[in-house]
There are 2 protein chains.
Amino acid sequence: MAVARGVLLDLDGVLYVGDALLPGAGEALARLRGRGVPVRFVTNTTRRPRRAIRAGLSAMGLAVREDELVTPARAACAWLKERALSSHLLVHPDLEEDFADFRADGEAAAVVIGDAGDGFTYGALNRAFRLLMSGAPLLALAKNRYFREADGLSLDAGPFVAALEFASGRRAEVIGKPTPGFFHAAVAGLGCRPEDTIMVGDDVESDVNGAIAAGLQGILVRTGKFREEDTGQLDPKGVLVSDIGAAVDRILATTTDG
Amino acid sequence: MAVARGVLLDLDGVLYVGDALLPGAGEALARLRGRGVPVRFVTNTTRRPRRAIRAGLSAMGLAVREDELVTPARAACAWLKERALSSHLLVHPDLEEDFADFRADGEAAAVVIGDAGDGFTYGALNRAFRLLMSGAPLLALAKNRYFREADGLSLDAGPFVAALEFASGRRAEVIGKPTPGFFHAAVAGLGCRPEDTIMVGDDVESDVNGAIAAGLQGILVRTGKFREEDTGQLDPKGVLVSDIGAAVDRILATTTDG
């Protein structure tokens, strides 16, 4: 594994599960901080605003600066700003605050779709569809197929992105992991080159193989959503370790100071 | 155009628009009946049950026998019966009566999806998704992208079929036009061969080109949803006429008696 100058950490399944810190996660992060390794926290969640994610981390004893948290909503706002577009939101109500500066107000709008949950009604989807048919671009915060809930698998944003793509005959611009642009934006915030950056995650496709495809290094942890069969999917350049503590051991062994 | 022994007629846009008969439609149908040409009425609508479709035709003065009306719901019931499956319905509430003999009752079920309109809630889609993930087949009454309403275009069943296909990683079995099996089932009811049957419709892709691809003959009428640019899409074997009256002129000119 090459020398690492910066680290990207997935949140859910790497540092915590639910609202409980994983064993050794706090200490592992403190060791990275102690060695001055710049870190970004890179999540695909589109059901919680940045404020709530940071509050949750803080409640678990992890202090994360505003600029250290990389979410699809933040990347989407940068995308909208670049194009001087407002947003027509088809997202979870809790996420709307992250788009406060980009609300539709009569100017040109993009349809922004995330995991809206019960907000995916026929009426809301139809309003988004009509905007697409009148020329609005479609910006997908993520295109995950489903996620696991306590009572079973549940539809994520991806199927609804696919529905609007099929209806409009147009392709969505996807923002979150494993999009290379999402990793590159996080890496740019670190001031590193992609090849000097290590992504640590529990999702073999979205976190680890995606990062490697984007030119980063990748470490897969055996916590969170990891399943033994994921090892067969892991990119040969990827590294498999037990947990965040072992990942940090590995990173620090290859990190040059200064 | 070869000799015709049987005729398939689309309904909306060919015989009527809204609840008004098109000029000459009643007389044209009477001429077909008078010459003893067997007819089937072939519609893709999945928002109205068979009973309501026949009642609407009757109110416009058109008597249509139960066995003459071919709908995706009827084809779906035949499909379910063949496989001894019950149905988990994701369809418009008005359509449920057409599946009265195939309601889920604990045995193996297929997910049957039509244009459910406001019935497409997150919860209903998620229940269907979970059944698919536990092995249920997905039967789509149609896969149309959208339809035109008074206030604009609206999402049809197709986008929701695409959503469940994307989420489950499985393909739907599509039942309605332009599926060859749907045309062939209607032709079988006539007791004709496909090449001796003419389909008359206002939808160049779904009615006319679809019928020709299934081995039938096809006539496109300039009524209903017909737009001048459709002529460029028409299969070279297809025939273009002004309306149902002209279509019947053409059919009777090539029909042998007895």
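Please refer to the structure placed before this passage.
Residues numbered from 1 in each chain as written. Chains lettered and ligands numbered in written order. Predicted model: local features only at pLDDT ≥ 70, side-chain atom pairs only at ≥ 80, totals over all residues. Heavy atoms only, no water.

Caption draft 1: Representation of unusual backbone geometry in the model. Residues and elements named next belong to chain A. A cis amide bond links Lys-177 to the next residue, Pro-178, at an omega of 5°. By the element assignment, Pro-178 lies in the loop between strand S11 (173–174) and helix H6 (180–190). The residue Ala-84 is not glycine, and still its phi comes out positive at about 50°. (Helix = DSSP H or I, 4+ residues; strand = E, 2+ residues; numbered from the N terminus.)

Caption draft 2: View of the packing of aromatic side chains. Residues and elements named next belong to chain A. Summed over the entire model, instances satisfying the criterion amount to 6 aromatic pairs over all chains. Residues Phe-120 and Phe-160 carry aromatic rings whose centres are separated by 3.8 Å and whose planes lie at 5° to one another, so their mutual orientation is stacked. Pair noted here: Phe-120 is in the loop between strand S7 (109–113) and helix H4 (122–133) and Phe-160 is in helix H5 (residues 158–168), with a separation of 40 residues, a long-range link. On the accessibility criterion, Phe-160 (2% relative accessible area) is buried. (Phe/Tyr/Trp six-rings, centres within 6.5 Å; stacked < 30°, edge-to-face > 60°. Buried < 20%, exposed > 50% of the residue type's maximum accessible area, 1.4 Å probe, protein only.)

Caption draft 3: The arrangement of helix H5 (residues 158–168) of chain B in detail. The element H5(B) is extensively covered by neighbouring structure, given that 10 of its 11 residues are classed as buried. Within H5(B), burial applies to Gly158(B), Pro159(B), Phe160(B), Val161(B), Ala162(B), Ala163(B), Leu164(B), Glu165(B), Ala167(B) and Ser168(B).

Caption draft 4: View of the pattern of salt bridges. Applying the stated criterion across every chain yields a total of 45 salt bridges over all chains. Across the pair Arg40(B) and Asp67(B) runs a salt bridge, and its minimum N-O distance is 3.7 Å. Here Arg40(B) is found in strand S4 (residues 39–42), whereas its partner Asp67(B) is found in the loop between helix H2 (50–59) and strand S5 (69–70), with 27 residues between them in sequence. The structure contains a network of salt bridges with shared partners spanning Arg33(A), Arg40(A), Arg65(A), Asp67(A) and Glu68(A). (Salt bridge = Lys/Arg side-chain N within 4 Å of Asp/Glu carboxyl O.)

Caption draft 5: Geometry of the sheet that holds S11(A). Residue and element names in this part refer to chain A. With respect to topology, 4 strands assemble into an open sheet ordered S6-S7-S8-S11, the strand pairing being parallel. Both outer strands of the open sheet, strand S6 (86–90) and S11, are each paired with one neighbouring strand and no more. Sheet topology note: the strand S8 (residues 138–140)/S11 ladder contains 2 bridges and is parallel. By the bridge assignment, Ala-140 is partnered in S11 with Val-174. Its contacts with the sheet put H5 on S6, S7 and S8, and the angle it makes with S8 is roughly 165°. (Pairing = 2+ DSSP bridges. Contact = heavy atoms within 4.5 Å. Axes fitted to C-alpha atoms, helices over the stretch in contact; angles between N-to-C directions.)

Caption draft 6: Main features of helix H8 (residues 244–253) of chain A. Residues and elements named next belong to chain A. Turning to H8, its buried residues are Ile-244, Gly-245, Ala-247, Val-248, Ile-251 and Leu-252. The arc that holds every buried residue of H8, seen down its axis, measures 155°, which confines them to one face. Residues of H8 that are buried in the fold lie against strand S1 (6–9), helix H1 (25–34), strand S12 (197–201), strand S13 (217–221) and strand S14 (239–241). For H8, the side-chain oxygen to backbone nitrogen distance between the N-cap and Gly-245 is 3.2 Å, and the N-cap itself is Asp-243. (Arc of directions from axis to C-beta. Polar contact = N/O pair within 3.5 Å; in protein donor to acceptor, adjacent residues only side chain to side chain.)

Caption draft 7: Looking closely at the environment of Gly218(B). All names here are of chain B. Relative to the helices and strands, Gly-218 resides in strand S13 (residues 217–221). On the basis of relative accessible area, Gly-218 is assigned to the buried category, the value being 0%. When the C-alpha positions of Gly-218 and Val-7 are compared, they lie 9.8 Å apart, and in sequence the two are 211 residues distant.

Caption draft 8: Fine view of the interface of chain B and chain A. If you look at the interface, chain B gives 30 residues, while chain A gives 30 residues. In total, chain B and chain A occlude about 2500 Å² of area from one another, counting both sides; carbon and sulfur atoms represent 64% of this. Of all residues in chain B, Tyr122(B), Leu155(B) and Phe166(B) bury the most surface against chain A, accounting for 31% of the area lost on that side. Taken together, the links from chain B to chain A amount to 2 salt bridges. We note a salt bridge from Asp151(B) to Arg130(A), for which the minimum N-O separation is 3.1 Å. Counting every contact that joins chain B to chain A gives 16 residue pairs in polar contact (both at pLDDT 80 or more). Broken down by secondary-structure element, the contributors of at least two residues to the side of chain B that touches chain A are helix H4 (122–133), strand S9 (146–149), strand S10 (152–155) and H5 of chain B. Per-element tally for the side of chain B that touches chain A: the top contributor is H5(B), with 8 residues. A class-by-class count of the residues in the side of chain B that touches chain A yields 15 nonpolar, 8 polar and 7 charged. (Buried area = accessible area lost by both parts, 1.4 Å probe. Nonpolar A, V, L, I, M, F, W, Y, C, P; charged D, E, K, R; others polar.)

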